[in-house]
Amino acid sequence: MAVIGRRGRATTLTLALAAVFFFQPSEVLAESAGQSSLATATRQQKFAFILFYRTNNAATQAMYKVLHAEVERRDNAALVPLNITDAQEREIVEQYDASRTPMPAVMAVAPNGAITGVFAQKLLPAHVESAIVTPAQTQCMRALQDKKLVLLCVHPAGSRKVPVGVQQFRSDSLNVNRTHLVSIQAGDPAEVKFLQQLKVRSDISTAVTAFMAPPGVLLGTYNDKVTPTILMNRLAAAGQCCADPNCKHRQAASAARPTTRR
Amino acid sequence: MKLRNLIWKELWQRPTSLMTSLAAVALGVTALVAIQSITVFSEKKIAGDMRSLGANVLVLPPGVTLQDYYSADMHGQTMPEEYVTQLALARMAGVENLAPKLCVAAEVNSIPVTLTGILPRSEFEAKSAWQGMSFLSNPVGTDRGCCTKPVTDTSGETDLTSLATQRTVQDLGRNELILGADIAVQLGAGAGAELSLLGESFQVLTVLPPTGTIDDGRLFTHLHSVQRLSDSGPVVNVIEIMACCEDAAGSLITDLSQELPDTRIVTIAQVVEAQVAVNGLMSRLSWVFFGILLLVAGASIASVMYANVAERRREIGTLMALGASPGYVTKMFLGKAIILGIAGGGLGFVAGTVLAMVLGPQLVGVSVLPMPYLCGVGVATATLIAVGASYLPARRASRLDPCLCFNEG
């Protein structure tokens, strides 16, 4: 009797578990159309351009027209239209705080989840172009948006050695959990645009490190002789005003000037 | 008999005339000291506000009038929170921080309180980060020559009381509260306490140090929590913009007006200009009242002195018959005037200072302290008026003929 009782309880438990797994309410398992499109874009390593809108008015249609044309002529971009009043899309709307953004708006999301641009109420082809950034730039932006310091090391051909000062800075207990390192080769054709914007030549003979801080500030670029003290001093002085003699921050500033060499 | 003793004796023998003269002088000095003290401390407060807030700009719903910077969100009108996102994405040069606020009435343990929703800096910075790395398209050092973009603090150390000094806080959870100094005492709550507000439980993160502003009586929590609990939707009462310097703030006004044409942009200078004008008027009027009241006091003293001379003819005649010179008699009356002036000026200074210390906090919200230089001004002027008003009666007394005084039966 005890054996039958135990078997009966085991069977009941198995059936109950099966019911839980196989008969879930549909809204728990199914993705929304927006989430599905975003997931597809990520899988395909494309930049997703989410068009948030409230009503399909003239402004929305104008924005859609520009975006559609730009996405169509690229193979690394996907268009994801999303009505913020659709209850199914509430999760995405909350994730990107779209209900508090002027409508219509386009948000560009890189394959790694970094947001590379937000354009509200008006969209130009140049905006789409500017939002499609290089792989290294997406890494930097993702780290900055995760509120981390970024050290971008640009290596000369044939080298991947991170400068000693950079390694020491990263390994410091104060910085170990808040610093992200991105390494690229100076001659990488995929990073030409980014390096041009950073004003780093492709024929460098020694490593160059660009030091960045959230939300997107370049603190300086340094050669391979940079020390952790220089980086720490620069970080401590960050965010203070520059040459304006009337600026209240400049009057209180006392940090040493950074040394930047390329 | 010594001159000093004669003067004192005469003063105490005729107290009514003494009091009358004293009151007249003291009243004039009281008016001057009270108004000047309040004006000076009000100007100091404005100067202090300008130093700490001078570069700040307020974005308000249209049609809102503003009397006090610190209560800029308590007008009841709202505007969409999407204006905040618009400003964050615009990344205008010179904008150091944004502080949108929404103010609602609430109750804690049946005590009415003002609950203010604020947006932490981290959320403003996050939206700013969505626009990418600004240095790539907008090099460091704008054409305004001021204000590189401020860097997010990644050290993990947060100054929880920065709301009191910088008007913003780095991070604030949806169910966390920051209490003003006065309301914390009133509620008997400190850091770590649990409070129930609008049907939801909040934990007190910290209590702010006293600021001397209306913020001492407020509770602060996350803006979106206040919006949710009050069913107001994504709206705010005010967006406070901290510009990094006055130079940037000047150009910012134009940019803001273009970016948000359906709002009212107000600088600190505009907020305080009405108060500055009132202070100037009060200061000028105080001197006018002082002059008028002292003239009245002078006339009163002159009248009392003439009556005193007439009343003491026989006494003066006796003194002169006993050898008192005309100069001695003159000194007797002028000495009395000097004492009246000094006493009236001193009394007026004390009364005026007390009046200013009581009325200052109530009328203009400033604490007033004694101003010693006004004592000197009041006493010197009162003495001058008293002596001036007593001069002619004193000369008349000094020219009396003793024989004629005794002949007047």
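Criteria and cut-off values
Residues numbered from 1 in each chain as written. Chains lettered and ligands numbered in written order. Predicted model: local features only at pLDDT ≥ 70, side-chain atom pairs only at ≥ 80, totals over all residues. Helix = DSSP H or I, 4+ residues; strand = E, 2+ residues; numbered from the N terminus. Buried ≥ 20, exposed ≤ 12 C-beta atoms within 10 Å, placed from the backbone. Contact = placed C-beta atoms within 7 Å. Axes fitted to C-alpha atoms, helices over the stretch in contact; angles between N-to-C directions. Parallel < 35°, antiparallel > 145°, perpendicular 65-115°, else oblique. Left-handed = near helix turned anticlockwise from the far one by under 90°. Pairing = 2+ DSSP bridges. pLDDT = per-residue confidence, 0-100.

Things to note about the overall build of chain A
(1) Moving on: Tallying secondary structure elements over chain A gives 11 helices and 8 strands in all.
(2) Moving on: The buried share of chain A, reckoned over its 262 residues, is 37%.
(3) Moving on: Intrachain contacts of chain A at a sequence separation of at least 6 include 61% that bridge at least 24 residues.

Remarks on the packing of helix 12 (residues 326-363) of chain B against helix 13 (residues 372-398) of chain B
Geometrically, a packed helix pair is captured by the angle between its two axes and the distance between the axes.
Residues and elements named next belong to chain B.
(1) Moving on: Helix 13 packs onto helix 12 with a crossing angle of 155° between their chain directions and a minimal axis gap of 7 Å. The angle between helix 12 and helix 13 falls in the class roughly antiparallel. In this structure, helix 12 meets helix 13 at a crossing whose hand is right-handed.

Considering the sheet that holds strand 5 (residues 149-155) of chain A
Residue and element names in this part refer to chain A.
(1) Moving on: With respect to topology, 4 strands assemble into an open sheet ordered 6-5-7-8, the strand pairing being mixed. Only two strands of the sheet have a single neighbouring strand rather than two, namely strand 6 (179-185) and strand 8 (217-222). Within this sheet the neighbouring strands show an average axis-to-axis angle of 20°, counted without direction.
(2) Moving on: Summarising the sheet, strand 7 (residues 208-213) and strand 8 pair through 5 bridges and their orientation is antiparallel. From the neighbouring strand, Met212 faces strand 8, where its bridge partner is Leu218.
(3) Moving on: Where helix 8 (residues 164-171) meets the sheet, its contacts fall on strand 5, strand 6 and strand 7, and the angle it forms with strand 5 comes to roughly 160°.
(4) Moving on: Sitting on the sheet, helix 10 (residues 228-237) touches strand 7 and strand 8, and the angle it makes with strand 8 is about 155°.

Section: unusual backbone geometry
Working note: non-glycine residues mostly have negative phi, and peptide bonds are mostly trans.
(1) Moving on: The linkage connecting Met103 of chain A with the following residue, Pro104 of chain A, adopts the cis geometry, with an omega of -10°.
(2) Moving on: Tracing the backbone shows Pro104 of chain A in the loop between helix 5 (90-95) and strand 3 (105-109).
(3) Moving on: The phi dihedral of Gln121 of chain A falls on the positive side, at around 70°, and the residue is not glycine.
(4) Moving on: Structurally, Gln121 of chain A can be placed in the loop between strand 4 (115-120) and helix 6 (125-131).
(5) Moving on: Phi at Ser110 of chain B is positive, roughly 65°, even though this residue is not glycine.
(6) Moving on: The residue Ser110 of chain B is located in the loop between strand 3 (95-108) and strand 4 (111-118) in this model.

Side note on the confidence of the model for chain B
Residue and element names in this part refer to chain B.
(1) Moving on: Here chain B shows a mean pLDDT of 82. Residues at 70 or above account for 86%.
(2) Moving on: Ranking the elements of chain B by mean pLDDT puts helix 5 (residues 134-137) last, at 56, and strand 9 (residues 235-236) first, at 94.
(3) Moving on: Counted against residues more than four places away or in other chains, residues 138-148, with its pLDDT under 50, gives 32 contacts.
(4) Moving on: As a predicted assembly, this complex carries a pTM of 0.68 together with an ipTM value of 0.71.

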